Amino acid sequence: MPFVLRPSWGLLSSCVLLLSTLSACDESGPTPDAGTWLPEDSGSPDSGAPDGSAEAPWDGGYTVLEEHGDWIDRGRYSPCDFNQQGDPTTIRCDDLSRYDVSQCSPEALSQVAQHGIYLADMRGERLLSDGGTQIAPDFTTYQLFSDGGTDTLNGQPLLTRNTDGGSFFVVGSRTNPFNGAVTVTALAGCQVPSPGIITGCYARCTNGRFSRAGTFEAWRMPSQRGEGESSGGLRLISASPVALGDAVDVYVTKNHAYVVSIDDLGGTSNGGLTVFDVSDRAHPIFKASISLPGDSSWNGVWAKEDALYIAGNRAGVVVYDISSPAQPEYVRHLPAGQGAHTVLVDGNRLYAMSPGEVTYVHDVTSPLAPVLLQLITVPSEFSSGGAHDAFAYEGRLYVSNGFGGYSIMDVTDLDNVRHLGQYVHGFNAYAHHSAVGTFAGRTIAFEGTEFNGSHLRVLDVTDPANIVKMGEFRLSPVTSIHNLILKGHLLYIAWYHEGVRVLDVSNPTKPRQVAHYNTFRESVPGRTDNLFEGTFGIRVPGDGYVYAADSVRGLLILNEL
């Protein structure tokens, strides 16, 4: 998510394609090719695909896909309508008489549960002076309680709630913290096309003036697709809550899990570092928690030998000595402009991505004594939103630049860093995180955007000057991807409300889900209606387990497929 609104949380994959460990990479050997399968990787010795199916290995061919951005216009969601006629300064968005619900279904609405967390995809419709209609994507969230809890819309208490007897009308207000503008949003429910999904119409007014209206489709979380808790043999081994803030990232080394947290959304708990001994994965043992005054929003974590590097959103990179793994000792801060949002270790380099549109590169040959080597910036026309995250692979740094797009930089010589190419996602897409590997001799990037409706893009980046979209994978139109790890032909994705998703990408043109685990529970204390809830960080260090950081549930350990 853009730094100016609220920190989003990044986690970097590292080095080579086969992430058997998360230690520094051995650059002396050839790059593994995940397009080549060995018999022991298959479900059957005679099969071509890793699950035992008859599909042959990908041969490198593909069809170029057009880029349409993240949001897809699926047409009006409901026959409900809001009357936009009149002086914009006199139109009240909370005036129920302006909503035409004559074609709606009170019977279906009366069966809707009186509680739940919903994310709503909204199709804005603004009438133009020439009689036309301007269509634009919009989004909102709300949470309803049936036990006396505080109902919210966009994280703020509702002004109006009428959800009884076949009616559905909720109104909320939010003040922009940057310019003080007050926006009122009202939702009028109309139909229930399937359990857990409500459609209707909405209107927004800002500072007492009508701004837009349209229709919406609200999904109750977790997404309503009739899924079970898990599939594909992925199962929960243990869950360990953290006492500090909202957990967003995890790194595992020395049989210890280092979980970092940001300040929690409710403002009741600062973030920091929580340490677990995970020698017994089924029974992690809490060892320590650390939070520094004035620098508690810790967003990313990585380690090299006895050094732990933490991305601090305010003060830069925090370095700890973990020679005694259970008791980290503070060493120093590495200044990083406006703070460090994410960190990555590749060989003897430490990369720290800063919202100030700069990537700081340190020499960590001596891990506890980093030395600043260089500052990397992408061309200004591609840097909108800042250097949010990055992935290092074969002498290149793949930088996710928020709204600026996906940049490929040649970093073989830090004294001559060159911009090799750029992928621009189009309207309403925010470059967030990626992983890169080799498939059928081609360099392939798996790139995830953020915000509602974000999805996975598969890009051929063999020629950085001519980046081609060759595949994609989507889930619901309301949830967001956060981080991903590529391990062999499997892509492990932390997908916020959607939990952990595992895709087989052996044919990168056709990613397909082979396993999932739904981490989201609306009943867990601390859940809110924020878009950025659920699974943030994910690691697959090659020890037979998957480690995930869930904002409220803390450290989750699952089995590796």
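For the structure, see preceding data.
For every chain, the first residue of the written sequence is number 1, and numbering continues from 1 along that sequence. Reporting in this predicted model follows two pLDDT cut-offs: at least 70 for local features of residues, and 80 or more for side-chain atom pairs to be given and counted; totals over whole chains, interfaces and linings ignore these cut-offs and use all residues. Values reported for side chains reflect all heavy atoms of the structure, with hydrogen atoms and water molecules removed beforehand.

**Details of the overall build of the chain**
Looking only at helices and strands, one finds one helix and 39 strands in the chain. Taken over C-alpha atoms, the radius of gyration is set against a globule rule of 2.2 Å times the number of residues to the power 0.38. The C-alpha radius of gyration of the chain comes to 24 Å, within 12% of the 24 Å expected for a compact globule of 561 residues. Along the first, second and third principal axes, the C-alpha set of the chain runs to 70 × 55 × 45 Å. Throughout, exposure labels follow a simple rule: accessible area from a 1.4 Å probe, protein chains only, divided by the maximum for the residue type, with under 20% read as buried, over 50% as exposed, and the rest as partly exposed. Expressed as a percentage of the 561 residues in the chain, the buried residues total 57%. Helical segments are the DSSP runs of H or I of at least four residues, strand segments are the runs of E of at least two, and each set is numbered from the N terminus.

**Examining the packing of aromatic side chains**
Two aromatic rings, taken as a pair, are described by how far apart their centres are and by the angle between their planes. We call Phe, Tyr and Trp rings a pair once their centres come within 6.5 Å, taking the six-membered ring for Trp, and we label the pair stacked below 30 degrees between planes, edge-to-face above 60, and tilted otherwise. Counted according to the given criterion, the structure contains 19 aromatic pairs. Grouped by ring-pair contacts, the aromatic residues Phe403, Tyr430, Phe451, Tyr496, Phe532 and Phe536 constitute a single cluster. The ring of Trp302 has Arg539 sitting right over it, with the charged end atom 4.3 Å from the ring centre. Consider the ring centre and the ring normal. A charge sits over the ring if Lys NZ or Arg CZ is within 6 Å of that centre and within 35 degrees of that normal.

**Points about the sheet that holds strand S11 (residues 230-231)**
DSSP bridges decide pairing: two strands pair if at least two such bridges lie between them. Ordered in space as S11-S36-S35-S34-S33, the five strands form an open sheet in which the pairing is antiparallel. The sheet is open, and its two edges are formed by S11 and strand S33 (483-487), each paired on a single side. Direction of pairing for S11 relative to strand S36 (residues 512-517): antiparallel, over a ladder of two bridges. For Ser231, the partnering residue across the bridge sits in S36 and is His516.

**Points about the state of the cysteines**
As used here, a disulfide is simply a covalent bond connecting the sulfur atoms of two cysteines. Cysteine sulfurs are considered disulfide-paired once they come within 2.5 Å of each other. Inspection of every chain in the model, using the stated rule, returns three disulfides. Disulfide partner of Cys93: Cys205, at an S-S distance of 2.0 Å. Taking the torsion about the S-S bond as the criterion, the Cys93 to Cys205 disulfide, at about 90°, is right-handed. Residue Cys93 is located in the loop between strand S1 (81-82) and strand S2 (99-100), and its partner Cys205 is located in strand S9 (residues 197-206); the two are separated by 112 residues in the primary sequence. A single burial state applies to Cys93 and to Cys205, both of which are buried. The disulfide partner of Cys104 is Cys190, and the gap between their sulfur atoms is 2.0 Å.

**Some points on the nonpolar core**
Counting 61 residues, the largest nonpolar core has Leu273, Leu308, Ile310, Val317, Tyr351 and Leu397 as its most contacted members. Sorting elements by how many residues they give to this core places strand S18 (residues 307-312) first, with five residues. Here Tyr351 is in contact with Thr342, Val343, Leu344, Asp346, Thr359, Tyr360, Val361, Ile376, Ala392, Leu397 and Val411, once residues within four sequence places are set aside. Of all hydrophobic cores here, the second largest spans 30 residues; its members include Trp58, Ile444, Leu456 and Leu491. For our purposes a nonpolar core is just a set of buried Ala, Val, Leu, Ile, Met, Phe, Trp, Tyr and Cys residues, chained together by side-chain atoms within 4.5 Å. Any two residues whose heavy atoms approach within 4.5 Å at even a single point are treated as in contact.

**Topic: the environment of Ser289**
Checked against the element boundaries, Ser289 lands in strand S16 (residues 285-290). In this structure Ser289 comes out as partly exposed when scored by relative accessible area, which is 39%. Through-space distance from the C-alpha of Ser289 to that of Leu273 is 5.5 Å; in sequence the pair is 16 residues apart. For Ser289, the contacting residues outside a window of four places in its chain are Leu244, Leu273 and Thr274.

**Topic: the environment of Gly316**
Note on placement: Gly316 falls in strand S19 (residues 316-321). On the accessibility criterion, Gly316 (0% relative accessible area) is buried. Distance in space between the C-alpha atoms of Gly316 and Ala352 is 8.3 Å, their sequence separation being 36 residues. Leave out the neighbours within four places in its chain, and Gly316 touches Ile310, Ala311, Leu334, Ala336, Gly339 and Ala340.

**A word on the pattern of salt bridges**
Salt bridge criterion: a side-chain nitrogen from Lys or Arg within 4 Å of a carboxyl oxygen from Asp or Glu. In this structure the tally under the stated criterion is 29 salt bridges. One salt bridge in this structure joins Asp138 and Arg212, with 3.6 Å as the shortest N-O distance. Of this pair, Asp138 sits in strand S4 (residues 133-144) while Arg212 sits in strand S10 (residues 209-220), and the two are 74 residues apart along the sequence. With relative accessibility at 23%, the residue Arg212 sits in the partly exposed group. In this structure, the salt-bridge partner of Lys487 is Glu560, at a minimum N-O distance of 2.9 Å.

**Topic: the pairing of strand S29 (residues 430-439)**
Successive residues of a regular strand alternate their side chains across the two faces of the sheet. Burial analysis of S29 places 10 of its 10 residues in the buried class, which makes it a mostly covered element. One ladder, built from nine bridges, connects S29 with strand S30 (residues 442-450); its direction is antiparallel. Following the sheet pairing, Ser434 is matched in S30 by Glu447. In this antiparallel pair of consecutive strands, S29 and S30, the connection spans two residues, and Ala440 shows a positive phi of 50°.

**Let's talk about the sheet that holds S10**
Judged by pairing direction, the barrel is antiparallel, and its eight strands sit side by side in the order S3-S4-S5-S6-S7-S8-S9-S10 before closing back on the first. Inspection of the sheet shows strand S7 (residues 169-175) paired to strand S8 (residues 182-194) by seven bridges, in the antiparallel sense. Among the inter-strand pairings, Ser173 is bridged to a residue of S8, identified as Val184.

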